[in-house]
Amino acid sequence: MIDKTAFIHPSAIVEDGAVIGPKVHIGPFCYVGSQVEIGEGTELKSHVVINGVTKIGRDNRIFQFVSIGEINQDLKYAGEPTRVEVGDRNNIRESVTIHRGTVQGGGLTKVGSDNLLMVNAHIAHDCVIGNRCILANNATLGGHVEVDDFAIIGGMTAVHQFCIIGAHVMVGGCSGVAQDVPPFVIAQGNHATPFGINIEGLKRRGFEKADLHAIRNAYKLLYRSGKTLEEAQPEIAAIAAEFPKAKPFSDFFARSTRGIIR
């Protein structure tokens, strides 16, 4: 079904069965598969391929040579009807790739809203990206990676499969992330190690001075006190109980499966 207000360039291919919402713009030489749904106001510049069972939200800007929903690169994949979901108001720049999920990973690759995915970023199968994240040029996520809200991943950075990047994290460019990065942390290097709290980013997002102080204290307990994670956790939990903005730091340890960067 194609809404009557949608624009489709004569050179574009939109297969029967695709759902194209109001005011969608599909530019020249794009390809949209039969199981794709595109929400209102989304723009495909040119030479964009959207395939598979893929749902794109509203008001996204998708630039040339982007590929969304194609067969993933997991050798176990056997053609199952796995999915991709993309939220609203994302800027997806040239040559970004977002691959469909696998049945082993839950069957879904998901990108939230208000994200900036820069040139040539890769989001592999079963990744879950939150809201207001930035993946800079050539950032590469292995399968099953989770990236929480407001995280920034620098250019030329690779993230190992199954890693978790916490909320408000900043990973510097040319890094290799092989373990989980707790919320609020600045990480850099190959393999990435912690370099303090992302104070400037938190200030821009309205964190109060008391909250910043609490988060810094939690960081010091984990990384500078000489205590093991098991020893530091109760004290970090006590800080989080008094300052709720620090709670993501405390809660993160229960989610971590690969261990945290040290």
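Residues numbered from 1 in each chain as written. Predicted model: local features only at pLDDT ≥ 70, side-chain atom pairs only at ≥ 80, totals over all residues. Heavy atoms only, no water.

What follows covers the UniProt feature "domain: UDP N-acetylglucosamine O-acyltransferase C-terminal" (unreviewed entry) in the protein. In the numbering used here, UniProt assigns the feature "domain: UDP N-acetylglucosamine O-acyltransferase C-terminal" (unreviewed entry) to residues 180–261. Across residues 180–261, the secondary structure splits into 54% helix and 13% strand, with the terminal C-alpha atoms separated by 6 Å. (UniProt positions renumbered as here; feature names shortened; annotations may be inferred. Helix = DSSP H or I, 4+ residues; strand = E, 2+ residues; numbered from the N terminus.)

This next bit is on the sheet that holds strand β9 (residues 53–56). The strand order across the open sheet formed by eight strands is β3-β6-β9-β12-β15-β18-β21-β24, and the pairing between neighbours is parallel. Two strands close off the open sheet at either side, each with one partner strand: β3 (19–20) and β24 (164–165). Two elements, strand β6 (residues 36–38) and β9, share three bridges in a ladder whose sense is parallel. Across the sheet, residue V36 finds its bridge partner in β9, namely T54. (Pairing = 2+ DSSP bridges.)

Next up on the list: the pattern of salt bridges. Under the definition given, this model contains 11 salt bridges. Measuring nitrogen to oxygen at the nearest pair gives 3.4 Å for the salt bridge that ties K45 to E43. A relative accessible area of 25% places K45 in the partly exposed class. Here R83 ties to E85 by a salt bridge, and the two come within 2.7 Å at their closest N and O atoms. Classification of R83 by relative accessible area gives partly exposed; the value is 31%. The class for E85 is partly exposed, based on a relative accessible area of 24%. A cluster of three or more residues bridged by salt bridges with shared partners is formed by E146, D148 and R255. (Salt bridge = Lys/Arg side-chain N within 4 Å of Asp/Glu carboxyl O. Buried < 20%, exposed > 50% of the residue type's maximum accessible area, 1.4 Å probe, protein only.)

Turning next to unusual backbone geometry. The omega angle of the peptide bond from N190 to H191 is 5 degrees, so this bond is cis rather than trans. Structurally, H191 is set in the loop between β27 (185–189) and β28 (192–197). Phi angles above zero are rare outside glycine, and K23 is one such case at about 60 degrees. If you trace the backbone, K23 turns up in the loop between β3 and β4 (25–26). Positive phi values are uncommon outside glycine, yet H168 reaches one of about 65 degrees. Within the fold, H168 resides in the loop between β24 and β25 (170–171).

So, on to the pairing of strand β12 (residues 83–86). Of the two faces of β12, the one holding V84 and V86 is buried and the one holding R83 and E85 is not buried anywhere. Inspection of the sheet shows β9 paired to β12 by four bridges, in the parallel sense. Its bridge partner lying in β12, I56 is registered against V86. Pairing of β12 with strand β15 (residues 108–111) involves four bridges; the strand directions are parallel. By the bridge assignment, E85 is partnered in β15 with K110.

In this section: the nonpolar core. Core analysis: the biggest nonpolar cluster contains 71 residues, and I26, I38, I68, L141 and I165 have the highest contact counts within it. Ranked by the residues each element gives to this core, the list is headed by helix α2 (residues 209–223), at eight residues. Not counting residues within four places of it along the chain, the set of residues in contact with I38 comprises V19, I20, G21, V24, I26, V32, L44, I50 and I56. (Core = buried A, V, L, I, M, F, W, Y, C linked by side-chain atoms within 4.5 Å. Contact = heavy atoms within 4.5 Å.)

Attention shifts here to the environment of D74. Structurally, D74 can be placed in the loop between β11 (67–70) and β12. The sequence separation of D74 and H125 amounts to 51 residues, and the corresponding C-alpha distance is 7.7 Å. Non-local contacts of D74, meaning those with residues more than four positions away in its chain, are made with T102 and H125. Of the polar contacts made by the side chain of D74, one reaches the backbone nitrogen of K76; its length is 2.8 Å. (Polar contact = N/O pair within 3.5 Å; in protein donor to acceptor, adjacent residues only side chain to side chain.)

In this structure the tally under the stated criterion is three aromatic pairs. Taken together, a centroid distance of 6.0 Å and an interplanar angle of 75 degrees make the contact between F184 and F207 edge-to-face. One end of the pair, F184, is in the loop between β26 (176–177) and β27; the other, F207, is in the loop between α1 (199–204) and α2, with 23 residues separating them in the sequence. Residues F184 and F207 agree in their burial class; the two are buried. Judged by centre distance (4.8 Å) and plane angle (45 degrees), the ring pair of Y219 and Y223 falls under tilted. With a gap of four residues between them, Y219 and Y223 both fall in helix α2, about one helical turn apart. (Phe/Tyr/Trp six-rings, centres within 6.5 Å; stacked < 30°, edge-to-face > 60°.)

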